[in-house]
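Examination of the molecular architecture
The primary structure of each chain is shown beneath.
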Amino acid sequence: MSTIPSRRLIFEKQKKEATLTTQNNHVGPLIDTDAVKMYEEALKKVKKEGGKLIVEGGVLKGKGYESGCYVKPAIAEAENHFEIVQHETFAPILYLLKYSGDVENAIEIQNGVAQGLSSAIMTNNLREAEKFLSHAGSDCGIANVNIGTSGAEIGGAFGGEKETGGGRESGSDAWKVYMRRQTNTINYTTNLPLAQGIKFDL
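These figures come from a predicted structure and were not determined experimentally. (Residues numbered from 1 in each chain as written. Predicted model: local features only at pLDDT ≥ 70, side-chain atom pairs only at ≥ 80, totals over all residues. Heavy atoms only, no water.)

Glancing now at the overall build of the chain. In terms of regular secondary structure, the chain is built from four helices and eight strands. Residue pairs in contact within the chain that sit at least 24 positions apart in sequence constitute 55% of those at least 6 positions apart. Of the roughly 14,000 Å² of accessible surface on the chain, 53% is carried by carbon and sulfur atoms. (Helix = DSSP H or I, 4+ residues; strand = E, 2+ residues; numbered from the N terminus. Contact = heavy atoms within 4.5 Å. Areas by Shrake-Rupley, 256 points an atom, 1.4 Å probe, with all protein chains shown as cover.)

Structure follows, in structure tokens:
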């Protein structure tokens, strides 16, 4: 039995949380107190659905955290069919999902959600890496090997699939933002042919 993390919510657990003024901070505050409430509700729901919190999480209080928007990263063992796992929560919660057998089974679990922005596989197996990047692998707009899912290379096109995308920006696709799509057909003959070879004789 192996364990894969949910691709939507991958954050590193830090030994010490810090404010935005700290240079090496990797986890900043949530956007507002409503987001904090959603974070807390998500933690309650994963336990209600049968999950287990490995790292409890919680809201940070005290000096430097007066805004009430700083939370601790949380890690939970869960199953892909949990409603809360299928829901995209914008908060530092990592869901650990177990699978057994070949890597195809892990890919199936990963792809079994409505979201599809970024994904990653950690492996030293070349076949697993190639499978993950193939048409039979990750269905996300971004697929990485041995690197995290957060952010993207500046030279690469950024965008997702399914409910988190449909289109790309930056990288080689940046010019498309300034263009419109148009289909053209030019007839170089002196006749006027109809589409699909249709003939209309008078």
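Read on, since the account is not over.
Here we come to the pairing of strand 6 (residues 93-99). Counting buried positions over the seven residues of strand 6 gives five, a clear majority of the element. Where strand 5 (residues 74-78) lies against strand 6, five bridges are found, and the strand directions are parallel. Bridging from a neighbouring strand, E77 pairs with L96 of strand 6. (Buried < 20%, exposed > 50% of the residue type's maximum accessible area, 1.4 Å probe, protein only. Pairing = 2+ DSSP bridges.)

Take the pairing of strand 7 (residues 118-121) next. Judged from the four bridges that link them, strand 7 and strand 8 (residues 142-145) form a sheet pairing that is parallel. Each residue of the ladder has a partner; that of A120, found in strand 8, is N144.

Once that is clear, we can look at the environment of T164. Among the secondary structure elements, T164 is positioned in the segment after strand 8. For T164, a relative accessible area of 17% puts it in the buried group. Placed 47 residues apart in sequence, T164 and L117 show a C-alpha to C-alpha distance of 5.6 Å. The residues contacting T164, other than those within four sequence positions of it, are E88, Q115, G116 and L117.

Once that is clear, we can look at the packing of aromatic side chains. Using the criterion set out here, one finds one aromatic pair in the structure. Ring plane angle 65 degrees and centroid distance 5.3 Å describe the contact between Y65 and Y70, whose orientation is recorded as edge-to-face. Owing to a relative accessible area of 17%, Y65 belongs among the buried residues under this scheme. Assessed through its relative accessible area of 9%, Y70 is described here as buried. (Phe/Tyr/Trp six-rings, centres within 6.5 Å; stacked < 30°, edge-to-face > 60°.)

Here we take up the side chain of Q110. If you trace the backbone, Q110 turns up in helix 3 (residues 103-111). Among the polar contacts made by the side chain of Q110, one reaches the side chain of S138 at a distance of 3.4 Å. (Polar contact = N/O pair within 3.5 Å; in protein donor to acceptor, adjacent residues only side chain to side chain.)

Two elements in contact, helix 3 and helix 4 (residues 126-133), have axes separated by 10 Å at closest approach and are oriented at 30 degrees. By the angle between their axes, helix 3 is roughly parallel relative to helix 4. Note that helix 3 runs across helix 4; the crossing there is right-handed. Where helix 3 approaches helix 4, its residues V103, E104, I107 and Q110 are matched on the opposing element by E128, K131 and F132. (Axes fitted to C-alpha atoms, helices over the stretch in contact; angles between N-to-C directions. Parallel < 35°, antiparallel > 145°, perpendicular 65-115°, else oblique. Left-handed = near helix turned anticlockwise from the far one by under 90°.)

In this section: the nonpolar core. One finds Y39, V46 and Y95 to be the most contacted residues of the largest nonpolar core, which totals 23 residues. Counting only elements with at least two residues in this core, the list comes to helix 1 (33-48), strand 5, helix 2 (83-86), strand 6 and helix 3. In terms of residue count, the dominant contributor to this core is helix 1 (six residues). Ignoring anything within four residues of it in the chain, the contact list for V46 reads G51, L53, A76, A78, F82, I84 and Y95. (Core = buried A, V, L, I, M, F, W, Y, C linked by side-chain atoms within 4.5 Å.)

A few words on the confidence of the model for the chain. Averaged over every residue, the pLDDT of the chain is 83; the share at 70 or more is 82%. Mean pLDDT across the elements of the chain bottoms out in strand 1 (residues 2-5) (58) and peaks in helix 1 (98). Under a pLDDT of 50 for its full length, residues 6-15 has, in the predicted model, 39 contacts with residues more than four places off or in other chains. (pLDDT = per-residue confidence, 0-100.)

This structure, assessed with the given rule, holds four salt bridges. For the salt bridge of E41 with K44, the shortest nitrogen-to-oxygen distance reads 3.7 Å. In this pair, E41 and K44 both sit in helix 1, three residues apart, roughly one turn of the helix. Using a relative accessible area of 48% as the deciding quantity, one classes E41 as partly exposed. We classify K44 as exposed; its relative accessible area is 52%. For the salt bridge of K45 with E83, the shortest nitrogen-to-oxygen distance reads 3.3 Å. On the criterion of sequence distance, the pair formed by K45 in helix 1 and E83 in helix 2 is long-range, its members being 38 residues apart. (Salt bridge = Lys/Arg side-chain N within 4 Å of Asp/Glu carboxyl O.)

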